[in-house]
Amino acid sequence: QVQLVESGGGLVQAGGSLRLSCLFNGGTFSSYGMGWFRQAPGKERELVGIISWSGGSTNYGDSVKGRFTISRDNAKNTVNLQMNSLKPEDTAVYYCAARRTYYFPVLKAADYEYWGQGTQVTVSS
């Protein structure tokens, strides 16, 4: 059974940076497309960034383009999200997600099979 464990959330001032990590266990990591999604109170879960099984392709939500970078290390079974120039509107619970596929892109949260427990990111103004 695939398990995803996020880390790296916290409180940061606007303009600051955070790096989230997600550790993948229980499967062949390089067979999975990975994604980061976020959900703020009262809002739907939204795409932050996704990455193909090889790491060769990425895609981002419009609100984070140019500020966030998703990457993966298939040797370490980890996917990371580097978040720069953070804004108060980036405040949300951030979730790591996995889908066993070589197809890219997989943009919808509903199409992901496995989810982490989430990590809180709070950006103060």
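Residues numbered from 1 in each chain as written. Predicted model: local features only at pLDDT ≥ 70, side-chain atom pairs only at ≥ 80, totals over all residues. Heavy atoms only, no water.

**Some points on the pattern of salt bridges**
At step 1: For the structure shown, the criterion picks out four salt bridges.
At step 2: Taking the shortest distance from any N to any O, the salt bridge between Glu46 and Arg38 comes out at 2.6 Å.
At step 3: By relative accessible area, Glu46 is classed as partly exposed at 32%.
At step 4: The partner of Arg38 in a salt bridge is Asp90, and the shortest N-O contact between them spans 2.9 Å. Here the residue Arg38 occupies a position in strand 4 (residues 32-39), and Asp90 occupies one in the loop between strand 8 (78-83) and strand 9 (92-100), the gap between them amounting to 52 residues.
At step 5: A residue is classified by how much of its surface remains accessible, and Asp90, at 0% relative accessible area, is buried.
At step 6: A network of salt bridges, in which partner residues are shared, links Arg38, Glu46, Arg67 and Asp90. (Salt bridge = Lys/Arg side-chain N within 4 Å of Asp/Glu carboxyl O. Buried < 20%, exposed > 50% of the residue type's maximum accessible area, 1.4 Å probe, protein only. Helix = DSSP H or I, 4+ residues; strand = E, 2+ residues; numbered from the N terminus.)

**Thoughts on the packing of aromatic side chains**
At step 1: In the structure shown here, the tally under the stated rule is eight aromatic pairs.
At step 2: Here the aromatic residues Phe24, Phe29, Tyr32 and Tyr114 are joined through ring pairs into a cluster of three or more. (Phe/Tyr/Trp six-rings, centres within 6.5 Å; stacked < 30°, edge-to-face > 60°.)

**Some thoughts on the environment of Tyr103**
At step 1: With respect to the helices, strands and loops of the structure, Tyr103 is situated in the loop between strand 9 and strand 10 (114-115).
At step 2: The class of Tyr103 is exposed, set by a relative accessible area of 57%.

**Some points on the environment of Asp62**
At step 1: Mapping Asp62 onto the fold places it in the loop between strand 6 (58-60) and strand 7 (68-73).
At step 2: Between the C-alpha atom of Asp62 and that of Leu47, which follows or precedes it by 15 residues, the distance is 8.9 Å.
At step 3: One polar contact links Asp62 to Lys65, side chain to side chain, over a distance of 3.1 Å. (Polar contact = N/O pair within 3.5 Å; in protein donor to acceptor, adjacent residues only side chain to side chain.)

**Structural notes on the nonpolar core**
At step 1: Residues Met34, Trp36, Val79, Leu81, Met83 and Tyr94 are the most contacted members of the largest nonpolar core, which totals 28 residues.
At step 2: Looking at this core, the elements with two or more residues in it are strand 3 (18-25), strand 4, strand 5 (46-51), strand 7, strand 8, strand 9 and strand 11 (119-124).
At step 3: Membership of the second largest hydrophobic core comes to six residues, among which are Leu47, Ile50, Val106 and Tyr112. (Core = buried A, V, L, I, M, F, W, Y, C linked by side-chain atoms within 4.5 Å.)

**Concerning the layout of surface pockets**
At step 1: The computed volume of the largest pocket comes to approximately 150 Å³.
At step 2: Partitioning the lining of the largest pocket into residue classes produces two nonpolar, three polar and eight charged. (1 Å grid on protein atoms, 1.4 Å probe; cavity = no way out; pocket = protein on both sides within 12 Å on 5 of 7 lines; lining within 4 Å. Points joined across faces, edges and corners; volume = space filled by probe spheres on them. Nonpolar A, V, L, I, M, F, W, Y, C, P; charged D, E, K, R; others polar.)

**Description of unusual backbone geometry**
At step 1: Omega for the peptide link from Phe104 to Pro105 comes to 5°, which places this bond in the cis form.
At step 2: With phi around 55°, Asn77 is a residue other than glycine that occupies positive phi space.
At step 3: When you line up the elements, Asn77 lands in the loop between strand 7 and strand 8.
At step 4: Since its relative accessible area comes to 23%, Asn77 is described here as partly exposed.

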